[in-house]
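The primary structure of each chain is shown beneath.
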Amino acid sequence: MAGEKKGLQLLDFWVSPFGQRCRIALSEKGLPYEYLEQDLGNKSELLLRSNPVHKKIPVLLHDGRPVCESLIIVQYIDEAFPGKDGKPALLPADPYARAQARFWADYVDKKLYDCGTRLWKLKGEAQQQARKEMLEILRTLDGALGDGKFFGGEAFGFADVAIAPFTAWFLTYERHGEFSVEEECPRLVAWAKRCGERESVAKNLTPPEKVYEFICGMKKRFGIE
Amino acid sequence: MSPPVKVIGALGSTFSHRVEAALCLKGVPYELIQEDLNNKSELLLTHNPVKKKVPVLLHGDQAICESLVIIEYVDEAFEGPPLLPIDPYDRAVARFWADFMDNKLLKPFWLAHWTEGEVQKGFAKEAMENLALLEVQLRGKRFFGGDTVGYIDIVFCCLAPWLSVIEEVTGMTVVDESEYPALRQWEKEYNSYEALKPCLPGRDQLVAYFTENKEKYKMYANAWAQQ
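Residues numbered from 1 in each chain as written. Chains lettered and ligands numbered in written order. Predicted model: local features only at pLDDT ≥ 70, side-chain atom pairs only at ≥ 80, totals over all residues. Heavy atoms only, no water.

- Per an unreviewed UniProt entry, chain B carries the name Glutathione S-transferase and comes from Panicum hallii.
- The UniProt entry for chain B carries this comment under Catalytic activity (unreviewed entry): "RX + glutathione = an S-substituted glutathione + a halide anion + H(+)".
- On record in UniProt, under Function (unreviewed entry), the comment for chain B is "Is involved in the conjugation of reduced glutathione to a wide number of exogenous and endogenous hydrophobic electrophiles." (UniProt positions renumbered as here; feature names shortened; annotations may be inferred.)

### What to know about the environment of Leu-200 of chain B
Residue and element names in this part refer to chain B.
Step number 1: Examined against the element boundaries, Leu-200 turns out to sit in the loop between α8 (181–191) and α9 (203–212).
Step number 2: What makes Leu-200 buried here is its relative accessible area of 19%.
Step number 3: Taking the C-alpha atoms as reference, Leu-200 lies 8.6 Å from Glu-20; in sequence the two are 180 residues apart.
Step number 4: Not counting chain neighbours up to four residues away, the residues in contact with Leu-200 comprise His-17, Pro-161, Tyr-190 and Asn-191. (Helix = DSSP H or I, 4+ residues; strand = E, 2+ residues; numbered from the N terminus. Buried < 20%, exposed > 50% of the residue type's maximum accessible area, 1.4 Å probe, protein only. Contact = heavy atoms within 4.5 Å.)

### Considerations on helix α1 (residues 17–28) of chain A
Residues separated by three or four positions in an α-helix point in the same direction, a consequence of the helix having 3.6 residues per turn.
Residue and element names in this part refer to chain A.
Step number 1: End to end, α1 covers 16 Å across 12 residues, agreeing with the expected 16 Å (1.5 Å per residue, within 8%).
Step number 2: Burial within α1 is extensive, with 11 of its 12 residues counted as buried.
Step number 3: Taken together, the buried positions of α1 are Pro-17, Phe-18, Gly-19, Gln-20, Arg-21, Cys-22, Arg-23, Ile-24, Ala-25, Leu-26 and Glu-28.
Step number 4: Positive phi appears at Gly-30, one or two residues downstream of α1, with a value of about 65°. (Expected span 1.5 Å × (residues − 1).)

### Description of unusual backbone geometry
Step number 1: The omega torsion across Ile-57 of chain A and Pro-58 of chain A is -5°, close enough to zero to call that bond cis.
Step number 2: Backbone torsion omega between Val-54 of chain B and Pro-55 of chain B reads -5°, so that peptide bond is classified as cis.
Step number 3: Relative to the assigned elements, Pro-55 of chain B resides in the loop between α2 (42–47) and β3 (56–59).
Step number 4: Despite not being glycine, Asp-63 of chain A has its phi angle at roughly 50°, a positive value.

### A look at the pattern of salt bridges
Step number 1: This model, assessed by the stated rule, comprises 34 salt bridges over all chains.
Step number 2: Across the salt bridge formed by Lys-188 of chain B and Glu-177 of chain B, the nearest N and O atoms sit 3.4 Å from each other. In this pair, Lys-188 of chain B sits in helix α8 while Glu-177 of chain B sits in the loop between α7 (161–170) and α8, placing the two residues 11 residues apart along the sequence.
Step number 3: For Lys-188 of chain B, a relative accessible area of 45% gives the class partly exposed.
Step number 4: Owing to a relative accessible area of 47%, Glu-177 of chain B belongs among the partly exposed residues under this scheme.
Step number 5: Overlapping salt bridges, with partners in common, bring together Glu-79, Arg-98 and Arg-102 of chain A together with Glu-72, Glu-76, Arg-91 and Arg-95 of chain B in one network. (Salt bridge = Lys/Arg side-chain N within 4 Å of Asp/Glu carboxyl O.)

### A closer look at the UniProt feature "domain: GST N-terminal" (unreviewed entry) in chain B
Step number 1: Under the feature "domain: GST N-terminal" (unreviewed entry), the UniProt entry names residues 3–82 of chain B.
Step number 2: Secondary structure over residues 3–82 of chain B splits into 38% helix and 21% strand, and the C-alpha atoms at its two ends are 21 Å apart.

In structure tokens form, the structure reads like this:
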């Protein structure tokens, strides 16, 4: 057993969009939990014991048992706490709709964060390539959303939870890529605003300017101008 | 009557096999459409416009992409023995190992066989460290899930029918029997599992395929190693 405490604990890092997925899910379900900020430069015994394979946040501890990987944590939260106090499920009931939600969450996982990192870290040709890819990713998401209110349709759900934290990174991507997400992907921006109106998202996302400040700080540390 | 089920797959693709294995274990009849990956069909490109890859499951007129997403769809959309565990925590653990396979083990495992020199040594070291974790998981068990093949086993299928084939074609051995006895025993069990017989790729067929495409796979491996 990784920890001893009863209840829910989240090992996390303040600006992590992966951690924020879990915070949003917990909030949507109305689940109380203890938030434990981690020092990623000096990883705690608890983190290393809870996630010995990857040594990464987020980690959810439920009565001391660890669950790792943000999308796995979100699904666990949905399955372990079904319909609590009338709170709706994050994944829809229909298997095909569930598959679509999982597909888009996986798409963002594989594509968005890494591309974004290359966009702010790299220069010249490599940065231009990252810019091109980022626009393609955002346009694909815009297309997938279509005229829907949320990725799942009428109801806020799993895919929205998976993607919403990255909306706080749009400003950072825009400034490094010199483009406007609103101009390129108006539907995505409208969706981001709708998500931001939900308490679970509003209280758990880092303000975009703070994300930008964080990345500028990271760049200084890496010696990138 | 349930709409027809088709799989757009490719010989040689472990991801494609995962889907066939899931359908097989669930008892769902399906039609296999073999894709020529050098000349992708309209059918594939229409049904997987985002990734343009196999496998794709067609259930009536609905298309589902990404092998892990497809396996969970098969588990949920059809009656039959469950592929994933029932308990939420056990499901989280199963999904963790699937993620481990695709995001931590697959690249070094594959490239340790297909690259050469110092590059190969680096990937072999990484692969072996990750394989050691699996060896521990398997100890005392016939399959990852227990007595029967389940979700984790089919996710790890590249360590079963494919392993001895790529060892033969590349001449490289990374999963040494003396160091990974449980894994090599699991490989034998998987390859002889009765319920999977209808969908297990023929060994000779796989050897012929990888031999014919050896230079191409080496080229892909070297490109992947650069990323």
